[in-house]
Amino acid sequence: MNNENLTVRKMSAVNGNGDLPRTIVTPCTDMYETPEAYVVSLDMPGARKETITLTLEKGVLQVSAEVEPHHGKSIAVLYRELGTTGYHRVFALGEGIDREHVDAIFEDGVLTVKLYKIPETKPRTISIH
Amino acid sequence: MIVRFERFPVVQSLPGEVVEDLLGDFIDRRWGSRRATVPALDMMENSSELIIVAELPGVTKEDAKVTLQNGVLTISGERKPRGLPEESRWHRTETEAGTFSRSLELPMAVNASAVTAELKDGILRIVIPKAEEARPREIRVN
């Protein structure tokens with residue numbers, strides 16, 4: 001991931017559904033830690049891949065995205081439960097994450113981010129002699 | 001007379017589900033509920049089609065199923081659980097894996113043989129052509 005992707009996009013730019021109010025949703029998230037990385041998975045159905053932005057600064061990860069509107073102007077809505085126009089969530093991960101070594105993949109509406117630890121923070125097994 | 005569409009007639013509606021609807025997403029987020037395993041959806045129409053859009057994050061095409069029988073549309077499938085690699089530990093688990101099913105009675109006659117469904121980026125889009133008799137018809141005034 002290059003630094004170009006690590007910029008904050010202003011959420012005021014999100015207004016997907018025309019006249020409807022903006023609804024920024026906090027995506028449901030799973031997170032686990034392996035010996036070498038943190039893996040964060042966020043449910044972001046309908047997010048436009050090119051609008052997904054990640055920022056990592058001082059151990060804080062911010063994720064945001066815009067959602068493709070699916071209501072055309074000539075379509076009448078009979079029943080509505082959806083209305084998400086964007087996603088935004090902030091995680092405090094602490095120090096020890098390698099800023100230059102972050103992988104992200106968006107698949108089936110789920111964004112999975114793998115943040116590698118700086119080697120010194122990996123647990124070390126110390127043998128007793 | 002125009003009546004505001006308050007609630008789509010769900011095929012099976014138990015009192016417990018009504019309570020969940022009232023409390024909405026708050027329950028889903030705080031404690032999880034059966035509703036969290038039911039995909040949220042919108043239903044729309046234009047002059048010739050009925051369009052249903054549902055959120056199915058984490059569900060692959062192979063694990064999603066759409067059926068239409070006797071005017072009842074059912075969206076079902078399974079979200080496979082996420083495995084935890086060895087020597088790893090969870091920090092948080094908010095998503096819910098497992099099977100889901102949601103049925104809707106369609107509000108008009110449709111052409112069941114020409115239904116299309118597409119699942120992309122966690123969004124299922126079902127397009128159902130209306131039956132000829134359900135389409136608006138212009139009547140000439142003499």
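Residues numbered from 1 in each chain as written. Chains lettered and ligands numbered in written order. Predicted model: local features only at pLDDT ≥ 70, side-chain atom pairs only at ≥ 80, totals over all residues.

J.: What is the right way to read the overall build of chain A from this model?
T.: Secondary structure summary: chain A contains zero helices and nine strands in total. Starting at the N terminus and walking to the C terminus, you meet the elements of chain A as β-β-β-β-β-β-β-β-β. Counting the 129 residues in chain A, one finds 29% classified as buried. Once local pairs closer than 6 in sequence are excluded, the contacts in chain A between residues at least 24 apart make up 63%. (Helix = DSSP H or I, 4+ residues; strand = E, 2+ residues; numbered from the N terminus. Buried ≥ 20, exposed ≤ 12 C-beta atoms within 10 Å, placed from the backbone. Contact = placed C-beta atoms within 7 Å.)

J.: Which parts of the structure should I look at to understand the overall build of chain B?
T.: Looking only at helices and strands, chain B has two helices and eight strands in total. Taken from the N to the C terminus, the helices and strands of chain B come in the order α-α-β-β-β-β-β-β-β-β. Scored against the burial criterion, the 142 residues of chain B give a buried share of 18%. Pairs at least 24 apart in sequence give 54% of the contacts found in chain B among residues at least 6 apart.

J.: Teacher, can you tell me more about the environment of Val-53 of chain B here?
T.: One can find Val-53 of chain B in strand S2 (residues 49-55). What makes Val-53 of chain B buried here is the crowd of 22 C-beta atoms within 10 Å. Beyond its immediate stretch of four places on either side in the chain, Val-53 of chain B contacts His-70 and Leu-82 of chain A together with Leu-41, Asp-42, Ile-123 and Arg-125 of chain B.

J.: What should I look at first to understand the interface of chain B and chain A in this one?
T.: Across the contact, 33 residues belong to chain B and 27 residues belong to chain A. Those elements that place two or more of their residues in the side of chain B that touches chain A are strand S1 (41-45), S2 and strand S5 (89-93) of chain B. Here the side of chain B that touches chain A is built from residues that sort into 16 nonpolar, eight polar and nine charged. Here strand S2 (residues 29-33) of chain A pairs with S5 of chain B via four bridges, running antiparallel. (Nonpolar A, V, L, I, M, F, W, Y, C, P; charged D, E, K, R; others polar. Pairing = 2+ DSSP bridges.)

J.: Can you walk me through the pairing of S1 of chain B in this structure?
T.: Along any regular strand, the residues point their side chains to alternate faces of the sheet. Direction of pairing for strand S6 (residues 76-79) of chain A relative to S1 of chain B: antiparallel, over a ladder of three bridges. Each bridged residue has a counterpart across the sheet, and for Ala-76 of chain A the counterpart in S1 of chain B is Glu-45 of chain B. Here S1 of chain B hands over to S2 of chain B after three residues, the two strands then running antiparallel side by side.

J.: I would appreciate a short explanation of the confidence of the model for chain A in the present structure.
T.: Detailed conclusions should not be drawn from predicted coordinates in areas where pLDDT is low. Residues and elements named next belong to chain A. In this model, chain A carries an average pLDDT of 81, and 80% of its residues clear a pLDDT of 70 or more. Ranking the elements of chain A by mean pLDDT puts S6 last, at 88, and strand S3 (residues 37-43) first, at 95. Scored below 50 in pLDDT, residues 1-18 makes 35 contacts in the model with residues more than four places away or belonging to other chains. (pLDDT = per-residue confidence, 0-100.)

J.: What's the story with the sheet that holds strand S5 (residues 60-66) of chain A in this structure? I'm lost.
T.: By definition, the strands of a sheet pair up through backbone hydrogen bonds, in either a parallel or an antiparallel sense. Residues and elements named next belong to chain A. The strand order S1-S7-S5-S4 describes an open sheet built from four strands, whose pairing is mixed. Strand pairing shows two members of the sheet lacking a second neighbour, strand S1 (24-25) and strand S4 (53-57), which therefore form its edges. Of the pairings in the sheet, the one linking S4 to S5 comprises five bridges and is antiparallel in character. Along S5, the bridge assignment pairs Leu-56 with Leu-61.

J.: What am I meant to see in the nonpolar core here?
T.: A general tendency of soluble globular proteins is for nonpolar side chains to be buried together. In this structure, Val-40, Leu-42, Met-44, Ala-47, Leu-61, Leu-111 and Leu-115 of chain A are the most contacted members of the largest nonpolar core, which totals 20 residues. Mapped onto this core, the elements with two or more residues apiece are S3, S4, S5, strand S7 (86-92) and strand S9 (110-117) of chain A. Contact partners of Ala-47 of chain A, with chain neighbours within four places excluded, come to Ile-52, Ala-65, Val-67 and Tyr-87 of chain A together with Asp-121 of chain B. Core analysis: the second largest hydrophobic core is formed by 18 residues, Val-53, Ile-75, Leu-119 and Ile-128 of chain B among them. (Core = buried A, V, L, I, M, F, W, Y, C linked by C-beta atoms within 7 Å.)

J.: Can you walk me through the sheet that holds strand S4 (residues 72-79) of chain B in this structure?
T.: Residues and elements named next belong to chain B. If you trace the three strands from one edge of the open sheet to the other, you get S3-S4-S6, paired in antiparallel fashion. Bordering the open sheet on either side are strand S3 (64-69) and strand S6 (98-105), each of which pairs with just one other strand. On average, each strand axis in the sheet is inclined to that of its neighbour by 15°, with strand direction left out of account. (Axes fitted to C-alpha atoms, helices over the stretch in contact; angles between N-to-C directions.)

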